[in-house]
Amino acid sequence: MSGLLVLRAGALTTVQDRGRPGLAHLGVPRSGALDSGAYALANRLVGNPAGAAALETTLDGVALRARGPVTVAVTGAPCAVRVSGRPAAWGAPVRLRAGAELDVGRAEPGLRSYVAVRGGFAVPPVLGSRSTDLLSGLGPAVLSAGTVLPVGPAGADPVSGADALGVPGPPAALVLPLRLGPRADWFEAASIARLLRSTYRVSARSNRIGLRTEGGPRLVRRRGGELPSEGMVLGALQIPPDGLPVLFLADHPVTGGYPVLGVVPAGRPLDAAAQAGPGLEVRFVQA
């Protein structure tokens, strides 16, 4: 079985697939690739089935050495791709010989890039998924230098041509459609109106669990007291005591006690949120 040796792990590189949806009743978070479109494209380019495990990098990429001949593809945030020091294609299949070194550079712009290998990364699955979950600790460990990543056998589908140009790039500003509820009635109507006409910024405290905001008006409650913990979903916009919205991403907790003002629908809006770096403008529009 061929594999890839991690030479440089980057700021945060994890193995991700489509996650563990449907297990919240067991206390298991969803997890999975944050930018689902970029993840799916990477697998499509190398002829993998849709759920194959890939790498998700954060900000400054990753470097790998092929232990045998493999085909890889890099998508997501645009970045420099080099093979043994020479420029290689981003958003297209790239063939690596045994011993070749793949260097995925810094995201420019955006935040997260995806590295797929033909055959998928064959780390052991946990509860049906190979995803690393930062909140629960399920799945493989965050990558570190010296880790060897096994690669599974190639499937029957051929390597595809490049179609990265059809995928939206990292946003210049993040505009998120918001479906109000279930706890919008906990907040003053004037405060919600200010939210919908104001601009926030992505906080540097954001991570795979949630996108935190700063710089905009704080939501004001119309009722006090505590809310019993209730189920949380992907895209929930929770309002903690400081009044600044937090958008739950793939590693979000399965329950929470702060009121949820609304929900951002899955798909392209959350894919864009996955590429939103600190300081990027954020606006909410009622869906």
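This text follows the structure it describes.
Residues numbered from 1 in each chain as written. Predicted model: local features only at pLDDT ≥ 70, side-chain atom pairs only at ≥ 80, totals over all residues. Heavy atoms only, no water.

The subject of this paragraph is the overall build of the chain. A tally of helices and strands in the chain yields three helices and 20 strands. When its C-alpha atoms are laid out on the principal axes, the chain stretches across 65 × 40 × 30 Å. By residue count, 49% of the 287 residues in the chain fall in the buried class. Contacts spanning at least 24 positions in sequence make up 77% of the contacts within the chain whose residues lie at least 6 apart. Element-wise, carbon and sulfur atoms account for 54% of the exposed surface of the chain, whose accessible area totals about 12,300 Å². Of the side-chain charges in the chain, 29 are positive and 19 negative, and the distance between the mean point of each set is 2 Å. (Helix = DSSP H or I, 4+ residues; strand = E, 2+ residues; numbered from the N terminus. Buried < 20%, exposed > 50% of the residue type's maximum accessible area, 1.4 Å probe, protein only. Contact = heavy atoms within 4.5 Å. Areas by Shrake-Rupley, 256 points an atom, 1.4 Å probe, with all protein chains shown as cover. Lys, Arg positive; Asp, Glu negative; His and termini not counted. Charge placed at Lys NZ, Arg CZ, Asp CG, Glu CD.)

The next subject is helix 1 (residues 36-45). Buried residues of helix 1: A38, Y39, L41, A42, N43 and L45, and no others. As for helix 1, its buried residues are in contact with strand 2 (14-16), strand 3 (54-58), strand 5 (70-76) and strand 10 (112-117). Of the residues one or two after helix 1, G47 is the one with positive phi, at around 75°.

On to the sheet that holds strand 6 (residues 81-83). Spatial ordering of the open sheet is given by 7-6-9-4-1-11, a layout of six strands whose pairing is antiparallel. The open sheet has two edge strands, strand 7 (86-88) and strand 11 (148-150), and neither has a second partner. With strand direction ignored, the average angle separating the axes of adjacent strands in the sheet is 30°. Of the strand pairs in this sheet, strand 1 (residues 3-8) and strand 11 are connected by three bridges, and their pairing is antiparallel. The residue bridging G3 from the neighbouring strand is P150, located in strand 11. (Pairing = 2+ DSSP bridges. Axes fitted to C-alpha atoms, helices over the stretch in contact; angles between N-to-C directions.)

It is worth spelling out the pattern of salt bridges at this point. All chains considered together, the criterion is met by nine salt bridges. The salt bridge partner of R65 is E101, with a shortest N-O separation of 2.8 Å. In this pair, R65 sits in strand 4 (residues 62-66) while E101 sits in strand 9 (residues 101-104), placing the two residues 36 residues apart along the sequence. Judged by relative accessible area, which is 33%, E101 ranks as partly exposed. Several salt bridges converge on common partners, so that one network encompasses E56, R112, R208 and D251. (Salt bridge = Lys/Arg side-chain N within 4 Å of Asp/Glu carboxyl O.)

Bringing helix 2 (residues 189-197) into the picture now. S191, I192 and L195 are the residues of helix 2 that are buried. Projected down its long axis, helix 2 shows its buried positions confined to an angular sector of 100°, all on one face. Opposite the buried face of helix 2, at more than 90 degrees from it, the exposed residues are A189 and R197. For helix 2, the elements touching its buried residues are strand 12 (174-180), strand 13 (200-202), strand 19 (260-263) and strand 20 (281-286). (Arc of directions from axis to C-beta.)

Okay, the pairing of strand 5 next. For strand 5, a buried count of seven out of seven residues is recorded, marking the element as mostly surrounded by other parts of the structure. Residue alternation in strand 5 divides its side chains into two sets, V70, V72, V74 and G76 and T71, A73 and T75, and both sets are buried. Sheet topology note: the strand 5/strand 8 (residues 94-96) ladder contains three bridges and is antiparallel. Bridge assignment links V70 to a residue of strand 8, and that residue is L96.

Bringing the environment of T57 into the picture now. For T57, the position within the fold is in strand 3. Using a relative accessible area of 1% as the deciding quantity, one classes T57 as buried. Spatially, the C-alpha atoms of T57 and V115 are 8.0 Å apart, while their sequence positions differ by 58 residues. Beyond its immediate chain neighbours, meaning those up to four positions away, T57 contacts L12, T13, V62, L111, R112, S113 and V115.

Read around the barrel, seven strands follow the order 12-19-16-17-14-13-20 and close on themselves; strand pairing throughout is mixed. Strand-to-strand twist of the sheet, defined as the mean angle between neighbouring strand axes without regard to direction, takes the value 40°. Where strand 12 meets strand 19, two bridges bridge the pair, whose relative direction is antiparallel. From the neighbouring strand, L180 faces strand 19, where its bridge partner is G262.

Under the criterion given, the structure shown has one aromatic pair. Measuring from centroid to centroid gives 6.1 Å for Y200 and F284, while their planes differ by 75°, and the two rings are edge-to-face. Placement of the pair is Y200 in strand 13 and F284 in strand 20, with a sequence separation of 84 residues. Note on Y200: relative accessible area 0%, which makes it buried. (Phe/Tyr/Trp six-rings, centres within 6.5 Å; stacked < 30°, edge-to-face > 60°.)

Turning our eyes to something else, we now look at the pairing of strand 9. On strand 9, burial follows the alternation: L102 and V104 on one face are buried, whereas E101 and D103 on the facing-out side are not. Strand direction decides the pairing type here: strand 4 and strand 9, joined by four bridges, are antiparallel. Looking at strand 9, one finds that V62 is bridged to V104. Sheet topology note: the strand 6/strand 9 ladder contains three bridges and is antiparallel.

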